[in-house]
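# Remarks on the overall topology
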Amino acid sequence: MAAQSFFDKILLRLGLMRLSAMQTAIELERDSFNLQRDETGRASATLSGGISAVTADIGNLIDEVDGQRYQIDAIATAINQMAASVQEVAHNTAKASTTA
């Protein structure tokens, strides 16, 4: 055990480590990588779901705007027809007053 401890001290001074310690470090790094990969996957799925919801909301807004545009066009047409009717009544009234 003392020889192993002495050997570990020499390796440590040289900036080296035992193979078993190196394998443990590699396993820890691999586990950390896998954890980060899984978290990234979950975050990606969450973002994808959010993007889908926003896309659906945009589609709904486009439909609502199209509906409002149709209503505005119908109102504008009615106003133009009413203005034409008012002009015709005014014209006929003026014509009638000059002939009477």
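Notes on the structure in this doc start here. Computed from a predicted model, the values in this text were never measured in an experiment.

### Notes on the overall build of the chain
A count of helices and strands for the chain gives 2 helices and 0 strands. The C-alpha atoms of the chain give a radius of gyration of 41 Å, which is well past the 13 Å a tight globule of 100 residues would have. C-alpha extents for the chain along the principal axes are approximately 135 × 20 × 10 Å. Going through the 100 residues of the chain one by one, you find that 1% of them count as buried. Put simply, the chain shows about 8900 Å² of open surface, and 64% of that area lies on carbon and sulfur atoms. Looking at charge distribution, the chain has the averaged site of its 8 positive side-chain charges lying 16 Å from that of its 12 negative ones.

### Here's the deal with a nonpolar patch on the surface
A cluster of nonpolar residues, F6, I10, L14 and L16, forms a patch on the protein surface that exposes about 410 Å² of accessible area. Residue F6 is classed as exposed on the basis of its relative accessible area of 54%.

### Things to note about the pattern of salt bridges
Going through the model one piece at a time under the given rule, you end up with 2 salt bridges. Salt-bridge contacts for R37 lead to D38; the nearest nitrogen and oxygen are separated by 3.4 Å. By relative accessible area, D38 is classed as partly exposed at 36%.

### Side note on the environment of M82
Residue position: M82 is located in helix α2 (residues 19–99). Distance in space between the C-alpha atoms of M82 and L12 is 96 Å, their sequence separation being 70 residues.

### Some details on the environment of V86
Looking at where V86 falls in the secondary structure, it is placed in helix α2. Taking the relative accessible area as the measure of exposure, V86 reaches 57% and is therefore exposed. A sequence separation of 56 residues divides V86 from R30, and the C-alpha atoms of the two residues are 83 Å apart.

Analysis parameters
- Residues numbered from 1 in each chain as written.
- Predicted model: local features only at pLDDT ≥ 70, side-chain atom pairs only at ≥ 80, totals over all residues.
- Heavy atoms only, no water.
- Helix = DSSP H or I, 4+ residues; strand = E, 2+ residues; numbered from the N terminus.
- Rg over C-alpha atoms; globule rule 2.2 N^0.38 Å.
- Buried < 20%, exposed > 50% of the residue type's maximum accessible area, 1.4 Å probe, protein only.
- Areas by Shrake-Rupley, 256 points an atom, 1.4 Å probe, with all protein chains shown as cover.
- Lys, Arg positive; Asp, Glu negative; His and termini not counted.
- Charge placed at Lys NZ, Arg CZ, Asp CG, Glu CD.
- Patch = residues over 30% accessible without salt bridge, like charges linked within 9 Å, V, L, I, M, F, W, Y side chains within 5 Å.
- Salt bridge = Lys/Arg side-chain N within 4 Å of Asp/Glu carboxyl O.

Read these as geometric descriptors, not functional statements.
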